[in-house]
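An overview of the molecular structure
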Number of protein chains: 2
Amino acid sequence: MSSQKKSWINIPDDSDFPLENIPFGIIQKGENPPEPATRIGDTAVSLSALCDYGYFDDLGIDDLTVFYQPVLNGFISLGKAKTSAVRKRIRELFEEGNESLKSNGDAVNAALFPANKVKNLMPVYVGDYTDFYSSIEHATNVGKMFRDPDNALLPNWRHIPVGYHGRSSSIVVSGTGIHRPKGQTNPDNGPKPVFGPTKQLDFELEMAFVTGKETELGESIPVEKAEEYIFGMVIFNDLSARDIQKWEYVPLGPFLSKNFGSVVSPWILTLEALEPFRVKGPEQKPEVLPYLRVSGKRNIDINLEVALKPENENEETVVCRSNFKYMYWNMSQQLAHQTVNGCNIRVGDMYASGTISGHEPGSYGSMLELTWRGTKPLRLAGGNTRKFIEDNDIVTMRAFCKKDGLRIGFGECTTKILPAK
Amino acid sequence: MSSQKKSWINIPDDSDFPLENIPFGIIQKGENPPEPATRIGDTAVSLSALCDYGYFDDLGIDDLTVFYQPVLNGFISLGKAKTSAVRKRIRELFEEGNESLKSNGDAVNAALFPANKVKNLMPVYVGDYTDFYSSIEHATNVGKMFRDPDNALLPNWRHIPVGYHGRSSSIVVSGTGIHRPKGQTNPDNGPKPVFGPTKQLDFELEMAFVTGKETELGESIPVEKAEEYIFGMVIFNDLSARDIQKWEYVPLGPFLSKNFGSVVSPWILTLEALEPFRVKGPEQKPEVLPYLRVSGKRNIDINLEVALKPENENEETVVCRSNFKYMYWNMSQQLAHQTVNGCNIRVGDMYASGTISGHEPGSYGSMLELTWRGTKPLRLAGGNTRKFIEDNDIVTMRAFCKKDGLRIGFGECTTKILPAK
């Protein structure tokens, strides 16, 4: 039984994209220019076309060119009042009983397309990308494996939402294949490293938020106001090469082990759409410093899963089920921390959560943890086993919220690992 | 005695900007739109104005709008053949005896301005910024101070041009003041960190190169071809908060200790202009992996200095003299490494060298090293002492090449440290 609003277009009951969602993305039809769009059920809706037909004329938006740009940065920069009004308008247009769009055959033809007949492009131009490390379960697992099982968490971890800068240029949209990276490794800790394709290619199950409002250099965002600067969220697959990472990461952090390709889901879900699924996060002990103190429901209950499908198997195997609500550090704290030193943010920046692992082994968000560094290979549905990702494997991440019969989701974030070039 | 070519405009003998230089930058006159420009002697020359008067019409440049854009990314994207032709044209126009521009009073009035009467803006939009760690003297000094004096260099250092991703949004042009950052530190390694303005604010003397040609994701740049992708260079002051860095940087590297403001010199010097100053770099032992092997003169002899001037002193004190030629890893190796895993690059990316220290204490490129972690304070000309940078101190970096009577320089990269907000 669904509590979802009814529409005059078909929305399957279990769709990630009911009228309560109205996410934003960029689509391309054939060789046409890219267009801002939303998705409802299995239908992609062009905002360019809706704008052509005047449906956004009375929303007080002075610069309508944002509905024709190849990335959403301009649209997002309108601010939440305006983008929220656009969401509301779109929802009204598609509600059962509303004839405004439905009765305009030309507009319907220009704006509506089967979602599987359009290409999704990167929704935003990413100025800067930060990757946090905010799951205590993940940080503990990694600490146990690589450092000290008895002191797995480093002393700073419960005080700082640890993060580092990543590469913006190599963030790509779901559906893009990524070549297995080559690099230096030192498998035997010998005097000489070796060069070649990584033998320990991994996914990292993450969520990322996209900023919607810029700050000046020198300005800090108070933790209580951080959500005003967050436009929405996507699924984020932070592909990682563990053997390269192990050799390179001391003392300045991960570099080539992480920047060969990160994959995001195509539709940005607004914080507004995710509002009904807010929950409290884990208790933070010891108490954090004042600039990180925030109350209320700052986590979001988002079900996550990762599926793996080798080329020669017919069906995928779900290898991990986790939840975004496990995050120790929430998005408000991450953004307050990122800017506490005056670091400026821009519209379209991405801030990824870090691998989201739960308590149980089946909820670990990386192959590294799921196979415990390759020591416990996973058996897949079709009979193959995996320590890490192999060539031509398809990795698919999914994320959705569900409560009181309402389901809102992110769709899929998928990539195929191509052989090293 | 100068071997510099003569011009019909005045070029002081010791100028960083003779006709052999012709760097590129962005200037702004009053409230006018930003304009691409070059600098000759003490004169800023607007490329927009030269283009207005048709001086670039016959260079085979289809898209002349690049001479009117607020950043140089479009101009640089023309490719080296075109940008080199523009340099050559500008040089010809200003050579003694050439009347083409000189005799056109309107064009001269429109294009030429005293350099100190225009504002310099960021020369490029920086897509991604990488900071390397390529000075063996600096890495050794840091290793001695923070890790093991007997094993100062980590095992990977002689095999990998170690680097990490930094923040693009907070890279600003020379002349911009930077507020002292606030953040978490743990001075006593106690159970609780403290929050406040950094007490160990430092500069890092670096040079950075700017890429001029993009690659596709999955593509690698062979080390022998790397210079084709490098457009030019700037001075780079990688401001750092040592106490914040110490507490935050394990295990994922520097983050808030580095991203509150980095300052670059306003004029990008082309590799072409720097050609006469090429030298061989230090011998690399053990031999590097094949993808990093490169022959010829890959280093550049660039004299570097850093001066400090407290607010209450009348004159600055040069606290460091170093040279870019000391770099263990050269730019070709850095770029080959950056892309060996398929990481894509874009026009306008910045790649900083890491702190450039020489062998002698007076050549160390940071206060951390110059004062050996604050244990040997520096005495300044006006009588003040400094362990680290204090509020209202002005830090100025300079860089120039000199050979056979020819001097080519970068001008200044300067910033004033403002009190914490």
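Residues numbered from 1 in each chain as written. Chains lettered and ligands numbered in written order. Predicted model: local features only at pLDDT ≥ 70, side-chain atom pairs only at ≥ 80, totals over all residues. Heavy atoms only, no water.

As a further point, take the overall build of chain A. What chain A contains, in helices and strands, is nine helices and 26 strands. Computed over its C-alpha atoms, the radius of gyration of chain A comes to 22 Å, within 12% of the 22 Å expected for a compact globule of 421 residues. For chain A, the spread of C-alpha atoms along the principal axes amounts to about 70 × 55 × 40 Å. Long-range pairs, those at least 24 residues apart, make up 72% of the contacts in chain A with a sequence separation of at least 6. Total accessible area on chain A is roughly 15,600 Å²; 48% of this is exposed by carbon and sulfur atoms. (Helix = DSSP H or I, 4+ residues; strand = E, 2+ residues; numbered from the N terminus. Rg over C-alpha atoms; globule rule 2.2 N^0.38 Å. Contact = heavy atoms within 4.5 Å. Areas by Shrake-Rupley, 256 points an atom, 1.4 Å probe, with all protein chains shown as cover.)

Moving on: the packing of aromatic side chains. This model, assessed by the stated rule, comprises 27 aromatic pairs over all chains. Between Phe255 of chain A and Phe132 of chain B, the aromatic rings sit 6.1 Å apart at their centres with planes inclined by 90°, giving edge-to-face as the arrangement. Residue Phe255 of chain A is located in the loop between α6 (242-248) and β16 (262-264), and its partner Phe132 of chain B is located in strand β6 (residues 129-132); the two belong to separate chains. Exposure class is identical for Phe255 of chain A and Phe132 of chain B. Each is buried. Among the aromatic residues, those joined into a cluster by ring pairs are Phe24, Phe56, Phe67, Phe75 and Phe231 of chain A. Sitting over the ring of Tyr229 of chain A, Lys213 of chain A keeps its end group 4.6 Å from the ring centre. (Phe/Tyr/Trp six-rings, centres within 6.5 Å; stacked < 30°, edge-to-face > 60°. Buried < 20%, exposed > 50% of the residue type's maximum accessible area, 1.4 Å probe, protein only. Lys NZ or Arg CZ within 6 Å of the ring centre and 35° of its normal.)

Now for the environment of Pro18 of chain B. Residue and element names in this part refer to chain B. Among the structural elements, Pro18 can be located in the segment before β1 (25-28). Spatially, the C-alpha atom of Pro18 lies 8.7 Å from that of Ser7, the residues being eleven residues apart in sequence. Here Pro18 is in contact with Gln4, Ile11, Leu406, Arg407 and Ile408, once residues within four sequence places are set aside.

Here chain A sits on chain B after a turn of 180° about the axis and a move of 0.0 Å along it, with an RMSD of 0.0 Å. In symmetry terms, the pair is related by a two-fold rotation axis. Identified as the residue of chain A closest to the rotation axis by C-alpha distance is Gly253 of chain A, at 2.1 Å. (Least-squares fit on C-alpha atoms with pLDDT ≥ 70 in both.)

This part is about the sheet that holds strand β5 (residues 119-121) of chain A. Note: strands within a sheet are paired through backbone hydrogen bonds, in either parallel or antiparallel orientation. Residue and element names in this part refer to chain A. With antiparallel pairing, five strands are arranged side by side in an open sheet as β4-β3-β2-β1-β5. Where the open sheet ends on each side, the last strands, each with one partner, are β4 (112-114) and β5. The mean angle between the axes of side-by-side strands here comes to 45°, regardless of whether they run parallel or antiparallel. Two elements, strand β1 (residues 25-28) and β5, share three bridges in a ladder whose sense is antiparallel. For Gln28, the partnering residue across the bridge sits in β5 and is Lys119. (Pairing = 2+ DSSP bridges. Axes fitted to C-alpha atoms, helices over the stretch in contact; angles between N-to-C directions.)

For the rest of this paragraph, the subject is the sheet that holds strand β21 (residues 317-323) of chain A. All names here are of chain A. As summarised here, the arrangement of the five strands in space is β9-β26-β25-β20-β21, forming an open sheet in which the pairing is mixed. Strand pairing shows two members of the sheet lacking a second neighbour, β9 (178-179) and β21, which therefore form its edges. As judged from the seven bridges shared by strand β20 (residues 303-309) and strand β25 (residues 394-403), these two strands associate in the antiparallel manner. Counted as the bridge partner of Asn303 is Phe400 from β25.

Turning our eyes to something else, we now look at helix α3 (residues 80-94) of chain A. All names here are of chain A. Along its 15 residues, α3 runs 21 Å from first to last C-alpha, staying within 8% of the 21 Å computed at 1.5 Å per residue. For α3, every residue scored as buried is listed here: Thr83, Val86, Arg87, Arg89, Ile90, Leu93 and Phe94. Along the axis of α3, the buried residues cluster in a sector spanning 160°; they form a single face. Relative to its buried face, α3 has exposed residues pointing more than 90 degrees away, namely Ala81 and Lys88. (Expected span 1.5 Å × (residues − 1). Arc of directions from axis to C-beta.)

Each side of the interface is counted separately: chain A has 60 residues, and chain B has 60 residues. On the chain A side of the contact with chain B, Arg167, Leu252 and Phe255 of chain A bury the most area, a combined 14% of that side's loss. Viewed at the interface, chain B and chain A are joined by four salt bridges. The interface formed by chain A and chain B includes 29 residue pairs in polar contact (both at pLDDT 80 or more). Counting only elements with at least two residues in the side of chain A that touches chain B, the list comes to β6 (129-132), β7 (163-165), β10 (182-185), β11 (194-197), α6 and α8 (331-339) of chain A. (Buried area = accessible area lost by both parts, 1.4 Å probe. Salt bridge = Lys/Arg side-chain N within 4 Å of Asp/Glu carboxyl O. Polar contact = N/O pair within 3.5 Å; in protein donor to acceptor, adjacent residues only side chain to side chain.)

In short, the description is geometric, and any link to function would need to be established separately.
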